[in-house]
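Here is how the chains run, residue by residue.
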Amino acid sequence: MKTPSCLRALPARLLSVLALGAAAVPAVLGGAAVPASAAEDPPVTIGYDKCPPLPAGATPSQWSCGVLVVPAGTIKIGKIEQPITSPMTIVLQNGPDPDTGVRRNFFGSFESAPMSVPGGVLGVPGTEDIPFLGLKVQTEYVGGLELGQTSGTYSTAMDIRIKVINPLLGDTCYIGTKDQPVHLKTLADTSTLKFYTSAIGATFNDTTFSVPATSGCGLLGGIADWRSGLPSASGNNSASLQGYLGTKSYASLTS
């Protein structure tokens, strides 16, 4: 039985974040005890309608689907500080590898919507709604998704590129590329860690990533780099993202 072509296997060293059912969510964080506050529901809706189909012949009770929602936070890239105004959603699948029998994670999908950049093209507050002066960005997943533990706390990592949207920039203007992505490796602030009935939540931070110059922006690429302050070396950028991870067994999803 082969792995479905719609799924890409993540590296074997990843934490097996997708345990069977909501009761196993604490296992994502190394089996930490669940406090009384776990009776609360998470403050975001975690939907499982985008969970990938099971491999042919798979036993539903042996597989689970995980959904990571990032509804809030900020990303500072060079001179631009972008609030997260539209949720980013990552869907994962976990189960025994059809070829080896070893449990592992599979990347399912990544969704995000364009977000308006405060100040638009000129960086002047209030001008972002003027035709041709508005600027939007949209995060795209490139690869390398990891969930695990680093330096005594919990971590996530992924490679992204950011589409820069303006009528004068064309349709191929990006910050980061598939070959030279922006690599985020965020660490959880343990003081923000919270367990819910069917999810866990925490604020994840990173101040170490670097950001390349724009590409594919045509004759206005230099202006895009000037506006964004790119390229931008490690230490000049930051991310602070609020994330919520929920899991469900496929046995409950298919019942």
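S.K.: I'm lost on empty space enclosed by the protein in this one. Help?
M.R.: A probe as big as a water molecule, rolled over the atoms, marks out the empty space that is left. A full pass over the atoms with the stated rule returns two cavities of 30 Å³ or more. When residues of the lining of the second largest cavity are traced back to their parent elements, those giving at least two are β2 (64-77), β3 (80-83) and β7 (136-150). Residues belonging to the lining of the second largest cavity are distributed by class as follows: eight nonpolar, three polar and no charged.

S.K.: Looking at this model, I keep getting lost on the state of the cysteines. Mind explaining?
M.R.: As enumerated under the stated definition, the model contains two disulfides in all. Cysteine 51 shares a disulfide with cysteine 65; S-S distance 2.1 Å. Here the S-S torsion is close to -90°, and the disulfide linking cysteine 51 with cysteine 65 is therefore left-handed. Here the residue cysteine 51 occupies a position in the loop between β1 (8-9) and β2, and cysteine 65 occupies one in strand β2, the gap between them amounting to 14 residues. Cysteine 65 matches cysteine 51 in its accessibility class, with the two residues each being buried. Residue pairing for cysteine 173: its cysteine sulfur links by disulfide to cysteine 217, the two sulfurs lying 1.9 Å apart. Residues cysteine 173 and cysteine 217 are joined through a disulfide that is right-handed, its torsion about the S-S bond being 75°. Here cysteine 173, found in the loop between β8 (153-165) and β9 (174-175), pairs with cysteine 217, found in the loop between β13 (214-215) and α1 (221-228); they are 44 residues apart in sequence, far enough to count as distant. Sequence-ordered numbering of the bonded cysteines in the protein chain gives a pairing of 1-2, 3-4.

Rules used throughout
Residues numbered from 1 in each chain as written. Predicted model: local features only at pLDDT ≥ 70, side-chain atom pairs only at ≥ 80, totals over all residues. Heavy atoms only, no water. 1 Å grid on protein atoms, 1.4 Å probe; cavity = no way out; pocket = protein on both sides within 12 Å on 5 of 7 lines; lining within 4 Å. Points joined across faces, edges and corners; volume = space filled by probe spheres on them. Helix = DSSP H or I, 4+ residues; strand = E, 2+ residues; numbered from the N terminus. Nonpolar A, V, L, I, M, F, W, Y, C, P; charged D, E, K, R; others polar. Disulfide = S-S within 2.5 Å. Buried < 20%, exposed > 50% of the residue type's maximum accessible area, 1.4 Å probe, protein only.

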